[in-house]
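Okay, here's what each chain looks like letter by letter:
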Amino acid sequence: MSLRPRSGERVPLLADPKAGERAVRFALTRASESLGDVIRSAVSRGGRIPGCGL
C-alpha cells in the first residue's frame, strides 16, 4: 500500500514525519470510529439479507 497521494488528494498524516503525536492519535481515533460505523452498517444490512447469517 502506498502512502503517496494521488492527484488532488491531501498528503496522508501518517506519511508526514513532522506530524505530532496528538495529530496521529486524533486521526487514528477518527479512523477507528469510522470503521465501527462501517461494521455496524454491514451487520445491519446483512441482517436484512435472507440467508446471510450475520
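Please read these numbers as outputs of a predicted model, since none were measured by experiment.

Enquirer: Is there a simple way to think about the overall build of the protein in this case?
Expert: Of the regular secondary structure elements, the protein holds one helix and zero strands. Sorting the 54 residues of the protein into buried and exposed places 2% on the buried side. Summing over all exposed atoms, the protein offers an accessible surface of approximately 5,100 Å²; the carbon and sulfur share of this is 58%.

Enquirer: Could you clarify how one ought to interpret the pattern of salt bridges in this entry?
Expert: Pairing of side chains with opposite charge becomes possible as their charged atoms draw close. As enumerated under the stated definition, the model contains three salt bridges in all. Of the charged contacts in the structure, one is a salt bridge between R25 and E21, with a shortest N-O distance of 2.8 Å. Pair noted here: R25 and E21 are both in helix α1 (residues 21–47), with a separation of four residues, about one helical turn.

Reading the values: rules and limits
- Residues numbered from 1 in each chain as written.
- Predicted model: local features only at pLDDT ≥ 70, side-chain atom pairs only at ≥ 80, totals over all residues.
- Heavy atoms only, no water.
- Helix = DSSP H or I, 4+ residues; strand = E, 2+ residues; numbered from the N terminus.
- Buried < 20%, exposed > 50% of the residue type's maximum accessible area, 1.4 Å probe, protein only.
- Areas by Shrake-Rupley, 256 points an atom, 1.4 Å probe, with all protein chains shown as cover.
- Salt bridge = Lys/Arg side-chain N within 4 Å of Asp/Glu carboxyl O.

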